[in-house]
Amino acid sequence: MSENVIKEKYLRYGPKLNSFDLLKVLAVVLMFIDHFGLFVFWEDIEYRIIGRFCAPIFFFLVGYSLNFTFKGLLWALAFIMMAMDFFMNYPIFMTNVLFSIGIARLMLEIIPERVSLKHPLLVVFPLMLVALPITYFFYDYGTFSYMFGLMGVMVAKRIRHLQAVIYYITVIALYIFVQQYFLEFDLEQTIALSMGMAIFWYIMFNFKRVEYEDLPDIVAAPLKLISRYSLWIYALHFVVFKIYITTKYDHYYNKLRILPRDFTNRLVDFYETLFPFL
């Protein structure tokens, strides 16, 4: 990677630290907490509860950036990590979150805004809800990646009509339900997650890009570095965690696998849980 390319990436959000950077740094920190809970401290569910907020933030920022162009590096790292999963005997059906970000970008680019921005609740949400169970098993978070991404677009464009506000609340409520379903949170844990998602909704709904000009470089520089190279940070930490868990706790790692014979049963059960009236 040439020096000019590195400098361009470092300055892509502007020369000053801004609120977009800080939100991304927060998402990276939450990601580490979540994956420590998944791969290291798996008996402490609190790590997973805290980590539930990182993916929605990443997806929200994808939409808020209003930049949905194809990024070769994103897809290249996604496929490399998927190949790594395959050779480490990890589930074929679970890709990594880079696929989810890439798919969210594609959907935000393809689905016309005259539909998604005007009718997020009456048109977009029902379609994403129907597709959620099957997509959830094929790429991380399924259609939630697009639903939270669309929230970012609407906040960036200051779209606050009633249907949009109800859409925000409905997506977050669905996300809480799905996380409770898969991670089997008890009542207190579900309440904690709900309170955290309420704070998330408030921050996202009122989010604006603001520059922090008075921060000294010794503080701003590392934060910008984490934010603007978060893609590489994700890929590197992914490799480290996967090697760690397969060499230290292979018996636990195998518990995370989705075997083909179990896939259909889990998919049917998920649909029946979401649509009990069918």
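Everything discussed here concerns the structure shown above.
1. Some details on the overall build of the chain
Piece 1. When helices and strands are tallied, the chain shows 15 helices and 0 strands.
Piece 2. Relative to its full complement of 278 residues, the chain shows a buried share of 47%.
Piece 3. In the chain, the proportion of contacts linking residues at least 24 apart, taken out of those at least 6 apart, comes to 80%.
Piece 4. Of the roughly 14200 Å² of accessible surface on the chain, a fraction of 67% belongs to carbon and sulfur atoms.

2. Section: unusual backbone geometry
Apart from glycine, the bulk of residues carry a negative phi angle, and the bulk of peptide bonds sit in the trans form.
Piece 1. Unlike most non-glycine residues, Leu66 shows phi in positive territory, near 60°.
Piece 2. The topology assignment puts Leu66 in the loop between helix H4 (54-64) and helix H5 (72-87).
Piece 3. With a phi angle near 55°, Arg158 is a residue other than glycine that sits in the positive phi range.
Piece 4. With respect to the secondary-structure elements, Arg158 resides in the loop between helix H9 (144-156) and helix H10 (162-183).
Piece 5. Its relative accessible area of 37% is what places Arg158 among the partly exposed residues.

3. Thoughts on the nonpolar core
Piece 1. If you look at the biggest cluster of nonpolar residues, it comprises 70 residues, and the most contacted ones within it are Phe60, Phe144, Phe148, Met151, Tyr167, Leu174 and Met197.
Piece 2. Ignoring sequence-local partners within four residues, the contact set of Tyr167 consists of Pro120, Leu121, Phe125, Met147, Leu150, Met151 and Met154.

4. Here we look at empty space enclosed by the protein
Summary: where empty space remains is shown by rolling a probe the size of a single water molecule over the atoms.
Piece 1. Under the counting rule described, the total for this entry stands at 1 cavity of 30 Å³ or more.
Piece 2. Taken as a whole, the largest cavity encloses approximately 40 Å³ of empty space.
Piece 3. Elements supplying a minimum of two residues to the lining of the largest cavity: helix H6 (97-110), helix H7 (113-116) and H9.
Piece 4. For the lining of the largest cavity, the element with the most residues is H9, which contributes 3 residues.
Piece 5. For the lining of the largest cavity, the residue count by class is 7 nonpolar, 1 polar and 1 charged.

Reading the values: the criteria
- Position numbers for residues start from 1 in each chain and track the written sequence from start to end.
- Reporting in this predicted model follows two pLDDT cut-offs: at least 70 for local features of residues, and 80 or more for side-chain atom pairs to be given and counted; totals over whole chains, interfaces and linings ignore these cut-offs and use all residues.
- Hydrogens and water are ignored here; the side-chain numbers use all heavy atoms of the structure.
- For the purposes of this entry, the term helix denotes a DSSP run of H or I that reaches at least four residues, the term strand denotes a run of E that reaches at least two, and both are numbered from the N terminus.
- Residue exposure (1.4 Å probe, protein chains only): buried if accessible area is under 20% of the type maximum, exposed if over 50%, otherwise partly exposed.
- Contact between two residues is taken to exist if any of their heavy atoms lie within 4.5 Å; hydrogens are not considered.
- Working definition of accessibility: Shrake-Rupley area with a 1.4 Å probe, residue cover restricted to the visible protein chains.
- The set of buried Ala, Val, Leu, Ile, Met, Phe, Trp, Tyr and Cys residues whose side-chain atoms join them within 4.5 Å is what this entry labels a nonpolar core.
- A pocket, in this scheme, is an open set of points on a 1 Å grid over the protein atoms alone with protein on both sides within 12 Å along at least 5 of 7 lines, while a cavity is a set where a 1.4 Å probe fits but cannot get out; residues line either one if an atom lies within 4 Å of a point.
- Grid points are joined across faces, edges and corners, and a volume is the space filled by probe spheres set on the points.
- Residue classes follow a fixed rule: Ala, Val, Leu, Ile, Met, Phe, Trp, Tyr, Cys and Pro count as nonpolar, while Asp, Glu, Lys and Arg count as charged, and any other residue, Gly among them, counts as polar.

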